[in-house]
Amino acid sequence: QARRLQPASADVEFKWGLSLAMHGRVIDALPHLKRAVELQPEDADMRHGLGRALLAMGRNEDADAQFSESLRLNHHHAGAQQGLDSVRRGIPRAR
């Protein structure tokens, strides 16, 4: 219902995507996480969340790009650094 009330809210899309991903529905989560980043491209947390979903799907190059951008936006984003390290070590899934 929140999505109907605020269809273009980055925060709603992001939270919905995270909820889906946390329940193992990463493929369903991806469009919501992408939309959140489209609406708020300068948000390091949203890019990190999208990167985690991409990494979980084995889309390492795309995940690398999102983690790198998250770190560009916030040099101290520990989650993005961990994700980037995982991608570059060849670990297929975010933990």
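Structure's up top.
Criteria and cut-off values
Residues numbered from 1 in each chain as written. Predicted model: local features only at pLDDT ≥ 70, side-chain atom pairs only at ≥ 80, totals over all residues. Heavy atoms only, no water. Helix = DSSP H or I, 4+ residues; strand = E, 2+ residues; numbered from the N terminus. Buried < 20%, exposed > 50% of the residue type's maximum accessible area, 1.4 Å probe, protein only. Contact = heavy atoms within 4.5 Å. Areas by Shrake-Rupley, 256 points an atom, 1.4 Å probe, with all protein chains shown as cover. Axes fitted to C-alpha atoms, helices over the stretch in contact; angles between N-to-C directions. Parallel < 35°, antiparallel > 145°, perpendicular 65-115°, else oblique. Left-handed = near helix turned anticlockwise from the far one by under 90°. Nonpolar A, V, L, I, M, F, W, Y, C, P; charged D, E, K, R; others polar.

Draft legend 1. Examining the overall build of the protein chain more closely. The helix and strand inventory of the protein chain stands at 6 helices and 0 strands. Starting at the N terminus and walking to the C terminus, you meet the elements of the protein chain as α-α-α-α-α-α. In the protein chain, buried positions account for 39% of the 95 residues. Once local pairs closer than 6 in sequence are excluded, the contacts in the protein chain between residues at least 24 apart make up 45%. For the protein chain, the exposed area adds up to about 5,800 Å²; of that, 50% sits on carbon and sulfur atoms.

Draft legend 2. How the structure looks around the packing of helix α4 (residues 44–56) against helix α5 (residues 60–73). Between α4 and α5, the least distance of the axes is 8 Å, while the angle of their chain directions is 160 degrees. Regarding the angle of α4 to α5, the classification is roughly antiparallel. Seen from above, α4 lies across α5 with left-handed handedness. Here Ala44, Arg47, His48, Leu50, Gly51, Arg52, Leu54 and Leu55 of α4 lie close against α5, whose contacting residues are Asn60, Asp62, Ala63, Gln66, Phe67, Glu69, Ser70 and Leu73. Taken together, the residues that form the contact of α4 with α5 break down as 7 nonpolar, 5 polar and 4 charged.

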